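Structure assessment
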Amino acid sequence: MSLDKAHNQGVAPVTYGEGTRAPRGDYARARADYTCEQAHDHYTTADHDTYRRLYARQLQQLPGLACDEFIVAVQQLGAPDRIPRFDAISERLLKATGWQVVGVPGLIPEEAFFALLAERRFPVTDWIRRPEEFDYVVEPDVFHDLFGHVPLLFNPVFADYMQAYGAGGLKASRLDACELLARLYWYTVEFGLIATPAGLRAYGAGILSSAGELRHSIRSTEAQRIAFDLKRLMRTKYKIDSYQASYFVIESFDQLFAATAPDFTPVYRAVRDQIAAGGEVEAGIVLPAERTFS
Ligand code: PHE
Ligand code: FE
């Protein structure tokens with residue numbers, strides 16, 4: 001799920017082809033909360049093959065680049081040779097951290113997204129990219145959502161963070177602060193890095209499900225890796241059409257959870273004031289005296 005694109009609301013034209021799975025964005029089959037059945041029988045052999053190849057390509061890149069929590073938990077997705085059943089993952093996830101995965105037809109409105117997270121239900125797009133989109137797909141698909149996001153939901157602290165984020169999102173909607181909160185999602189859940197004794201590692205789903213960005217995020221000399229600071233992060237723009245120019249580095253999931261636990265009402269106010277005073281920061285910029293990682 002990519003929050004910045006979560007506005008694509010409405011019902012897409014329904015162009016059901018005989019014997020093919022539902023097209024992208026077929027919201028006609030979604031419930032009021034935007035969840036839908038995973039049309040598992042509708043996946044074709046080619047769909048399963050795409051998943052298998054994506055999984056294999058990512059898995060072999062993880063050592064030395066992905067955080068250990070992710071590497072351990074990725075096995076919980078089940079057999080890597082076909083698109084898993086969401087129900088089977090939910091069974092394991094419920095036992096581990098009380099989370100479930102639920103199908104959605106694609107991007108969903110912000111409020112619906114926050115509401116699901118606040119209930120510990122993670123929305124997973126049920127369709128998979130076409131073979132010609134193997135290297136790059138514009139919208140999140142089942143591979144990004146499952147492989148990228150679901151493993152860390154098995155981690156108790158990260159699981160609590162995601163729920164808190166959902167609750168915080170509902171609050172941000174009332175405070176008209178979704179844009180600032182979306183930056184937090186972007187720079188943690190999607191593109192977060194974590195400092196470990198063995199070196200920097202990725203925990204963000206956008207990195208972990210990307211063929212090229214995993215290496216870029218950890219090794220590129222072009223990227224900036226800045227110590228996590230909530231207000232600084234909220235002042236920072238992000239790129240949606242290229243590798244990130246800046247990443248924010250946490251020390252632990254406990255640190256992330258603690259830093260985001262306080263009421264954000266005054267935080268939003270302070271950040272807005274700073275931005276109004278010209279303090280918005282472009283991605284790729286390091287401010288004076290700022291701590292970076294290489
Ligand atoms: N503490 C935040 C608030 O008051 C909620 C939140 C927690 C938001 C974790 C994001 C992540 O809005
Ligand atoms: Fe995502």
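Use the structure listed above.
Residues numbered from 1 in each chain as written. Chains lettered and ligands numbered in written order. Predicted model: local features only at pLDDT ≥ 70, side-chain atom pairs only at ≥ 80, totals over all residues. Heavy atoms only, no water.

The next point concerns the sheet that holds strand β6 (residues 246-250). Strands sit in the order β4-β3-β6-β5 across an open sheet of four strands; the sheet is mixed. Two strands lie at the open edges of the sheet, namely β4 (199-202) and β5 (224-227), each paired on one side alone. Strand after strand, the sheet turns through a mean of 40 degrees between neighbouring axes, direction not considered. Of the pairings in the sheet, the one linking β5 to β6 comprises four bridges and is parallel in character. What sits directly across from glutamine 224, in β6, is serine 246. (Pairing = 2+ DSSP bridges. Helix = DSSP H or I, 4+ residues; strand = E, 2+ residues; numbered from the N terminus. Axes fitted to C-alpha atoms, helices over the stretch in contact; angles between N-to-C directions.)

The next thing to look at is the side chain of histidine 144. With respect to the helices and strands, the residue histidine 144 is situated in helix α5 (residues 142-149). Polar side-chain contacts of histidine 144 include one of 2.8 Å to the side chain of serine 209. (Polar contact = N/O pair within 3.5 Å; in protein donor to acceptor, adjacent residues only side chain to side chain.)

Attention shifts here to the packing of aromatic side chains. Going through the model one piece at a time under the given rule, you end up with 19 aromatic pairs. Judged by centre distance (4.9 Å) and plane angle (20 degrees), the ring pair of phenylalanine 143 and phenylalanine 147 falls under stacked. You can see phenylalanine 143 and its partner phenylalanine 147 sitting in helix α5, four residues apart, about one turn around the helix. For phenylalanine 143, a relative accessible area of 0% translates into the label buried. The exposure class of phenylalanine 147 is buried, given its relative accessible area of 0%. Look at phenylalanine 158 and tyrosine 161: their rings are 5.9 Å apart centre to centre, the planes differ by 50 degrees, and that puts the pair in the tilted class. Of this pair, phenylalanine 158 and tyrosine 161 both sit in helix α6 (residues 156-175), three residues apart, which is roughly one turn of the helix. Judged by its relative accessible area of 2%, tyrosine 161 is buried. Seen from the ring of phenylalanine 134, arginine 53 lies directly overhead, with NZ or CZ sitting 4.4 Å from the centre. (Phe/Tyr/Trp six-rings, centres within 6.5 Å; stacked < 30°, edge-to-face > 60°. Buried < 20%, exposed > 50% of the residue type's maximum accessible area, 1.4 Å probe, protein only. Lys NZ or Arg CZ within 6 Å of the ring centre and 35° of its normal.)

Our next topic: the pairing of β4. Bridge count for strand β3 (residues 193-196) against β4 is four bridges, and the pairing is antiparallel. For alanine 195, the partnering residue across the bridge sits in β4 and is leucine 200. Hairpin connection, β3 to β4: the antiparallel pair is bridged by two residues.

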